[in-house]
Every structure is written in C-alpha cells, then in structure tokens.
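Chain by chain, the residues:
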Amino acid sequence: MNLKRTLRNAFPFLTIKYRTVRDKFSQNEAYYKSAYMEALSMVDQINSKPFDKKMVEDFERNTKNQTYSSARANIETNNSCNIDCAMCQTSSSTRVKGIMEDELLEHSIEELVKNGRTDIAVHTIGEPTANPKFKTVLKLFRKNGIVMGLSTNGLLIHKHIENIIEYRDVCPVVHFSVDGATKETYEKIRIRGNWDKLIENINLAYKTLRKNGVPLKFSLCMSKDNVHEIGDFIVRFRDYVENPSKDLYVGAINSLAPDNTYFNHVNIFPNHTYLNSPCWQVGTPTPHILIDGRVSACCRDYDGSIVIGDINKNSLKEILQGDKLKSLTEEHRSKNLKDRPLCESCFVVDDRVNDIFGSLLERTLKRNPRETSEFYQNIVNNFIKLFQKKPSREEVQHLFDAV
Ligand SMILES: C[S@@+](CC[C@H](N)C(=O)[O-])C[C@H]1O[C@@H](n2cnc3c(N)ncnc32)[C@H](O)[C@@H]1O
Ligand code: SF4
Ligand code: SF4
C-alpha cells in the first residue's frame, strides 16, 4: 500500500480535512473568473456551432491524431440490480445477468492496470452493491493498488458498511444516485426503490462512513419528473457532504435505456438533443469489461452489440487496436449505423448545456451555501427558461452575475 493510502487508512479524518483544504485553495476567485469566461464562451459556441458539428470535430481530432488518453475504464463486476429506474431500465438488458468470476475479475484488473487504466468504475448498468461478493472486489482492487469509483442506488449499502470502512483506501468516496427530494418523485423514477430505506441508509452512511473518512456525494439525473425539486434536493442533501458545490451533481437525462419513450417524455432540452454520432465513447475508447470478459466500447451495451473483443482471448492492447473497434469507428465516422440499432437510437443533450449548468450550480453553491430551496430553484428555473430557447450571451451573463 502506498503512503497516501496508508495515511488514509490510519487517519480517516485527514482525508476529509485534506479535501476541504484542497477545495478551499482551488476554488478561488481566479478559478471562478475562468469558469465564468468559459461558460460565456460555450454560449457563443452553442450559438455558432451546433453540437453535431462539434461532435464531428472532436471525433476527428481524437481518432486521427490520437490526442485523447485516459485512465478511465469500467468493470462490470455484476450486472444485476435491485431496482429498475425509469431512465435506465436495466431489466431491459438482454444479456444474461450475473457476477464476474473472481479469476476473470483479477485478470481484468491486471490488464487494465498494465494499460494505465487505474480510474475504474465497478458498473456499467447494474448495481455494484447488489453483488454478494463485493468484498472480494474490494480485496482485488487493493491487491492491485487501485481505487474504485462507486456509484450506488444506496438501498443495499447497509450490507457493506464494515467492508467499505475496512477498505476505505480502495473506496475513498461513495456516490449516491438519488434523483429526487421527495418520496413521491423518487419512487416514481427509481422504480422499486424505497425512499424511507434510502434515507435510513444515507443517515447510516453519514454516521459510519463519513466518521471513518469516507465522504459522500449525491447526484440527480434531471428530467421533467424531478426538475421542480432541485432546490429541495440541494437543501435536503447539502448537510451530508463536505463541499456542496463539488459534492452535489445535477446533469440532464440522456437516452440511456434503449427504449426512448421515457426519455422523450421527460427530456427538458429537446432543442439541444442530438443523435449521439459520431459518439464520444467510440472516439475516445474506454474499455467496459462485461461480466463474461467480453469488452464493450460502451456503457450502454444492453445487448452486447458494441463488443470489440474478449479479454479471455486477447490482451486489452490487442482489443483496443483491433479490427472490431476500427470498424465501429468507421461506422460512426460515416454515420452508417444500420448494423447498430443501439447507436441508431442513442441521443444526447449537448454537453455544453450540462457544463454551463454545472458551472452555474457550483458558483451558486459556493457563494450561497445556506440559501433556501426557493432561492436555488429560482436559479434552476431561470436557466431552464433560457436554454429552452437559444440563450444569448447577455442573458447567461446576467444569470451568472446574479449569484
Ligand atoms: C447506470 S447507473 C449504475 C450505478 C448505480 N446502479 C447507480 O444507480 O448509481 C450510473 C449512473 O447513471 C445514471 N443514469 C441512469 N440513467 C441515466 C440516464 N438516462 N441519463 C443520464 N444518467 C443516467 C444514474 O443516475 C447513475 O448515477
Ligand atoms: S440507474 Fe442504477 S439503480 Fe437504477 S436501474 Fe440503473 S443500474 Fe439500477
Ligand atoms: S450506444 Fe452507440 S452511440 Fe450510444 S453511447 Fe454506445 S456506442 Fe455511443
């Protein structure tokens, strides 16, 4: 175990203190000035360059010059889930449900580490804590000296508290996806979820994990079903986190579930929504190792049709340089997606809209950490009103200046 991780285990509160001091120094006036200028420049870009053009440019730059390198990867330690959220519909995956075998998991981790992929999330679509062998996953991550990204629906976290504390060097943060601030909204979106159990588990995690140096984060996947509760979401969850401006995340819904009915019904920004091609995930390949060892280029591979190789048969390097990825890349380059029904029906909201919203929210929370739910909701509503049409630079500037 390296020094940083030894210290994290020995002095849990140092971790939280360190994060607080780090954020205090990094989130300074110069940082906010630069974020402000960048947000305004993105408004200009949205108005001058439609997102489909930007996607093509980014794709060409990343694939031709291979300018993109990343430490990111996903291992689908299990693809089962205890619930079935409306915007994800994990039950609609046609792949067999299961848990990755230990030997394959170890081999996958080793291959990823060998290729510099050390920022590893333990899910694609599925709930990592629904894996009864979650402790083995933690053990194997520690053995290979890497940390995991844990995003969870939180409903089963009570089963893993002791393990997470024991392996806090491996699991330094727990990210709860909650998507609502009331029982009614939460249970409408997170189908089969139980709001009371969620809150009980969040309280438990706050008392146990946080006390032991594992901070919490919360996210909301913004849609017409929950947008009216963003102010409540902030007020409800801000006291569980160290730095609300960094630890509360809100992003627009995309068409993750293959059936787009729900997405089309609740998408707030249809005017900023585009066919996801050429796709970022193809142009900047991030390996997603599925439970059976096949490697997909995509987090949204509900049927295994974006598979580019098999870690049981080839090295990760061979897979990333292989013909299957080349052919997927060409299909996206030429927008010839007739053999990729998943890609043909994959839509995204212009990420510049998300980035500007994220920047506005961060600024708002940093400068106004103890405001009322109405105060935050008003800012969200103003943003949405502006972006449901083409926003002008002056209007967005006014929005930022008001916080
Ligand atoms: C697919 S889940 C898997 C991990 C875990 N089960 C969870 O819910 O956090 C990963 C993240 O995707 C988000 N997500 C699900 N459906 C989405 C959609 N249609 N658009 C954007 N994000 C989505 C979830 O809210 C969650 O934060
Ligand atoms: S978002 Fe997470 S919890 Fe919800 S259905 Fe998908 S995998 Fe399960
Ligand atoms: S389904 Fe296709 S277009 Fe959508 S994210 Fe996956 S690879 Fe990209």
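Residues numbered from 1 in each chain as written. Chains lettered and ligands numbered in written order. Predicted model: local features only at pLDDT ≥ 70, side-chain atom pairs only at ≥ 80, totals over all residues.

(A) Molecular detail of the site of ligand 1. Among the 16 residues in the neighbourhood of ligand 1, the closest are listed as Met87, Cys88, Ser151, Ser177 and Leu256. In terms of residue class, the shell around ligand 1 is built from 7 nonpolar, 7 polar and 2 charged. (Near = placed C-beta within 6 Å. Nonpolar A, V, L, I, M, F, W, Y, C, P; charged D, E, K, R; others polar.)

(B) Quick peek at the sheet that holds strand β10 (residues 307-310). Ordered by their spatial adjacency, 9 strands build an open sheet running β6-β5-β4-β3-β2-β1-β8-β9-β10, and the pairing between neighbours is mixed. Sheet topology places β6 (248-252) and β10 at the edges, where each strand pairs with a single neighbour. (Pairing = 2+ DSSP bridges. Helix = DSSP H or I, 4+ residues; strand = E, 2+ residues; numbered from the N terminus.)

(C) Focus on helix α6 (residues 134-143). Taken residue by residue, α6 has Phe134, Val137, Leu138, Leu140 and Phe141 as its buried positions. Down the axis, α6 shows its buried residues gathered within 165 degrees of arc, on one side only. Residues of α6 that are buried in the fold lie against α5 (102-114), β3 (147-152) and α7 (161-166). Where α6 terminates, the next one or two residues include Gly145, which has phi positive at roughly 70 degrees. (Buried ≥ 20, exposed ≤ 12 C-beta atoms within 10 Å, placed from the backbone. Arc of directions from axis to C-beta. Contact = placed C-beta atoms within 7 Å.)

(D) A look at the site of ligand 3. Every residue lining ligand 3 is accounted for by Asn276, Ser277, Cys279, Gln281, Val282, Ala297, Cys298, Arg300, Ile306, Leu342, Cys343 and Cys346. If you list the elements that add at least two residues to the shell around ligand 3, you get α13 (280-283) and α16 (341-344). Per-class residue counts for the shell around ligand 3 are 8 nonpolar, 3 polar and 1 charged.

(E) View of the packing of helix α3 (residues 29-48) against helix α17 (residues 351-367). Put simply, α3 and α17 touch, their axes get as near as 10 Å, and they point 150 degrees apart. By the criterion of interaxial angle, the relationship of α3 to α17 is roughly antiparallel. Crossing angle aside, the handedness with which α3 passes α17 is left-handed. Residues Tyr32, Ala35, Ala39, Met42, Val43, Gln45 and Ile46 of α3 lie in contact with α17, whose contacting residues are Arg352, Asp355, Ile356, Ser359 and Arg363. (Axes fitted to C-alpha atoms, helices over the stretch in contact; angles between N-to-C directions. Parallel < 35°, antiparallel > 145°, perpendicular 65-115°, else oblique. Left-handed = near helix turned anticlockwise from the far one by under 90°.)

(F) View of the packing of α17 against helix α18 (residues 373-387). Orientation of α17 relative to α18, taken along the N-to-C sense of each, is 155 degrees, at an axis distance of 11 Å. Here α17 is positioned roughly antiparallel relative to α18, judged by the angle of their axes. In the packing of α17 onto α18, the handedness of the crossing is right-handed. Facing Val353, Phe357, Leu360 and Thr364 of α17, the residues of α18 in contact are Tyr376, Ile379, Phe383 and Phe387. Within the contact of α17 with α18, the residues separate by chemical class into 7 nonpolar, 1 polar and no charged.

(G) Structural view of the nonpolar core. Residues Met87, Cys171, Val174 and Ile230 are the most contacted members of the largest nonpolar core, which totals 91 residues. Here this core gets 6 residues from one element, more than from any other, and that element is α17. If sequence neighbours within four positions are ignored, Cys171 has contacts with Leu138, Met148, Leu150, Ile164 and Val214. (Core = buried A, V, L, I, M, F, W, Y, C linked by C-beta atoms within 7 Å.)

(H) Quick look at the pairing of β3. Side chains Met148, Leu150 and Thr152 project from β3 onto a buried face, and the interleaved Val147, Gly149 and Ser151 project onto a face without burial. Judged from the 3 bridges that link them, strand β2 (residues 119-121) and β3 form a sheet pairing that is parallel. Across the sheet, residue Ala121 finds its bridge partner in β3, namely Gly149. You can see the chain leave β2, run along α6 and come back into β3, and the turn it takes is right-handed. Relative to strand β4 (residues 174-177), β3 is paired through 3 bridges, and the arrangement is parallel. In the sheet register, Thr152 faces β4, and the bridge partner there is Phe176. Considered for its hand, the β-α-β crossover made up of β3, α7 and β4 is right-handed. (Right-handed = clockwise from strand over helix to strand, strands pointing away.)

(I) Highlighting helix α9 (residues 195-208). The end-to-end C-alpha distance of α9, which contains 14 residues, comes to 20 Å, matching closely the 20 Å that a straight helix rising 1.5 Å per residue would cover. If you check which residues of α9 are buried, you get Leu198, Asn201, Ile202 and Ala205. Angular distribution of buried residues about the axis of α9 spans 105 degrees; they occupy a single face of the element. Opposite its buried face, α9 presents the exposed residues Asp196, Asn203 and Lys207, each directed more than 90 degrees away. Those residues of α9 that are buried lie in contact with β4, α8 (183-189) and β5 (216-222). (Expected span 1.5 Å × (residues − 1).)

(J) Expanded view of the pairing of strand β1 (residues 72-75). Here β1 pairs with β2 via 3 bridges, running parallel. Bridged to Asn74 within β2 is Ala121. Handedness of the β1-α5-β2 crossover: right-handed.

(K) Focus on unusual backbone geometry. Note the cis peptide between Ser277 and Pro278, where omega equals 0 degrees. Here Pro278 shows up in the loop between β7 (273-275) and α13. Positive phi values are uncommon outside glycine, yet Gln89 reaches one of about 45 degrees. Position of Gln89 relative to the elements: it lies in the loop between β1 and α5. Under the C-beta neighbour-count criterion, Gln89 is labelled partly exposed, with 19 such atoms within 10 Å. Its identity is not glycine, yet Lys335 carries a phi of approximately 55 degrees, on the positive side. Within the secondary structure layout, Lys335 lies in the loop between α15 (323-333) and α16.

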